[in-house]
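The primary structure of each chain is shown beneath.
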Amino acid sequence: MSVHPEGFDVPLHRALTEPILLAGAPRSIAIVNGTLAAALALGLQMWIPGLMLWLASHSFAVFAAKRDPQFADVLLRHFRQKGHWTC
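Worth saying up front: this structure is predicted, and the values here are computed from it rather than measured.

Participant: Kindly report on the packing of aromatic side chains, identifying the contributing residues and their values.
Facilitator: Under the counting rule described, the total for this entry stands at one aromatic pair. Ring geometry for Phe 60 and Phe 71: centres 6.4 Å apart, planes at 85 degrees, overall edge-to-face. Of this pair, Phe 60 sits in helix α2 (residues 47-67) while Phe 71 is found in helix α3 (residues 71-80), placing the two residues eleven residues apart along the sequence. Note on Phe 71: relative accessible area 13%, which makes it buried.

Structural data, given as structure tokens:
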């Protein structure tokens, strides 16, 4: 016996509810991160700092995404809102 009335039970695929990650980081963050590191490494020919920037920022993004996959959206919303006690 089903709890729901007949015809109201819809299968939901996991791919519709999971965030889109690229190498463990949110897709938009990974693209911006890779673009900035490539500009630093290829454009300015600073290979080691570009690689270190990419490695550090991507590692942080993966760490944050494991804790909360929506952290980028929350961070952007936090920056857009004004502080409660600021003038």
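Participant: Give me the lowdown on the packing of helix α1 (residues 27-43) against α2, citing residues and values where you can.
Facilitator: Relative orientation and spacing of two packed helices are given, respectively, by the angle between their axes and the distance between those axes. It is at 7 Å that the axes of α1 and α2 come closest, and there the two elements cross at 170 degrees. Judged by the inter-axis angle, α1 sits roughly antiparallel to α2. Residues Ile 29, Ala 30, Asn 33, Gly 34, Ala 37, Leu 40, Ala 41 and Leu 42 of α1 touch α2, and the partners they reach there are Trp 47, Pro 49, Gly 50, Leu 53, Trp 54, Ser 57, His 58 and Ala 61. A breakdown of the residues in the contact of α1 with α2 according to their chemical character gives eleven nonpolar, five polar and no charged.

Rules and cut-offs
Residues numbered from 1 in each chain as written. Predicted model: local features only at pLDDT ≥ 70, side-chain atom pairs only at ≥ 80, totals over all residues. Heavy atoms only, no water. Phe/Tyr/Trp six-rings, centres within 6.5 Å; stacked < 30°, edge-to-face > 60°. Helix = DSSP H or I, 4+ residues; strand = E, 2+ residues; numbered from the N terminus. Buried < 20%, exposed > 50% of the residue type's maximum accessible area, 1.4 Å probe, protein only. Axes fitted to C-alpha atoms, helices over the stretch in contact; angles between N-to-C directions. Parallel < 35°, antiparallel > 145°, perpendicular 65-115°, else oblique. Contact = heavy atoms within 4.5 Å. Nonpolar A, V, L, I, M, F, W, Y, C, P; charged D, E, K, R; others polar.

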